[in-house]
Amino acid sequence: GGWDYITIDSAARRLYISHTNVVHVVDPDSGKVVGSIPDTTGVHGIAIASDLNRGFTSNGRANNVTIFDLKTLKPIMQTATGENPDAIRYEPASHRVFTFNGRSNNATAIDAKTGMVLATIPLGGKPEFSVADDKGHIYVNIEDTSEIAEIDAARATVTKRYSLKPCDGPSGLAMDVKKRRL
C-alpha cells in the first residue's frame, strides 16, 4: 500500500506514519512500533492536539476523520468531512481541526473537543498542504490556482489570498513561526 504524511509528537515521543488504511505509531528513539490506529481508510495525515489528549486522521477514501485517544490510541469517533480529506491541521488558539478536502475544493472545520463539524469553508480550488501560525491563522496552498489562502480559524473564513505565480501547482509548505515567514 501507499504512504503519505508523517507527524511527530515531540512531547510524547511518538512518530505517526500514515500507511494506506492504518496509522503506524513508532517510538522514534528505539525505532520500534508501539501501536497502530486501524480503520483509517485512505489515510493521508495526522494532527495532534496534546492539550486535549486527542489525535485526528484524515481518511481520504472514507471522507471522514478518525478521532483517537493519544495515550491509548483507541478510536473515539469518526466525523464526516468533504470529499477526499488530505492535509489536516490542529489550530491550538481556536481548538479546531481543519481538513483540506481535495475533491470538494473546501475545508472542514471541526471542534476538536466535541468532534462536531462547525463549518465548511469554500477554497476556490484544490487544497494541498497547510500550516498554522499558532496565532489563529492557517495557511493552505491551493494547487490548481497557484495561491496561498489564509484562514481565520475562529471565524472559519478565508481572509486573504496570496498569488504564487509563476509557481505552478504548489504542494509543499512550511512556516517559520518565529519570523512569521511562509
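Every value quoted in this text rests on a predicted model; they were computed, and no experiment measured them.

**Q** I'd love a proper account of the packing of aromatic side chains, names of residues and values included.
**A** Within this structure, the stated rule accounts for 2 aromatic pairs. Taking 5.3 Å as the distance between ring centres and 50° as the angle between the ring planes, the aromatic pair formed by Tyr 5 and Phe 129 counts as tilted. Residue Tyr 5 is located in strand 1 (residues 3-9), and its partner Phe 129 is located in strand 13 (residues 127-132); the two are separated by 124 residues in the primary sequence. Here Tyr 5 and Phe 129 have matching classes, each one buried. Where Tyr 16 meets Phe 68, the ring centres are 5.9 Å apart and the plane angle is 45°; that geometry is what we call tilted. Placement of the pair is Tyr 16 in strand 2 (residues 14-19) and Phe 68 in strand 7 (residues 64-69), with a sequence separation of 52 residues. Its relative accessible area of 0% is what places Tyr 16 among the buried residues.

**Q** I'd like to hear about unusual backbone geometry, residue by residue, with values.
**A** Omega for the peptide link from Lys 165 to Pro 166 comes to 20°, which places this bond in the cis form. Here Pro 166 lies in the segment after strand 16 (157-163). With phi around 55°, Asn 63 is a residue other than glycine that occupies positive phi space. According to the relative accessible area criterion, Asn 63 is partly exposed, its value standing at 29%. At Arg 180, a residue that is not glycine, the phi angle is positive and equals roughly 55°. Relative to the helices and strands, Arg 180 is located in the segment after strand 16.

Rules behind the numbers
Residues numbered from 1 in each chain as written. Predicted model: local features only at pLDDT ≥ 70, side-chain atom pairs only at ≥ 80, totals over all residues. Heavy atoms only, no water. Phe/Tyr/Trp six-rings, centres within 6.5 Å; stacked < 30°, edge-to-face > 60°. Helix = DSSP H or I, 4+ residues; strand = E, 2+ residues; numbered from the N terminus. Buried < 20%, exposed > 50% of the residue type's maximum accessible area, 1.4 Å probe, protein only.

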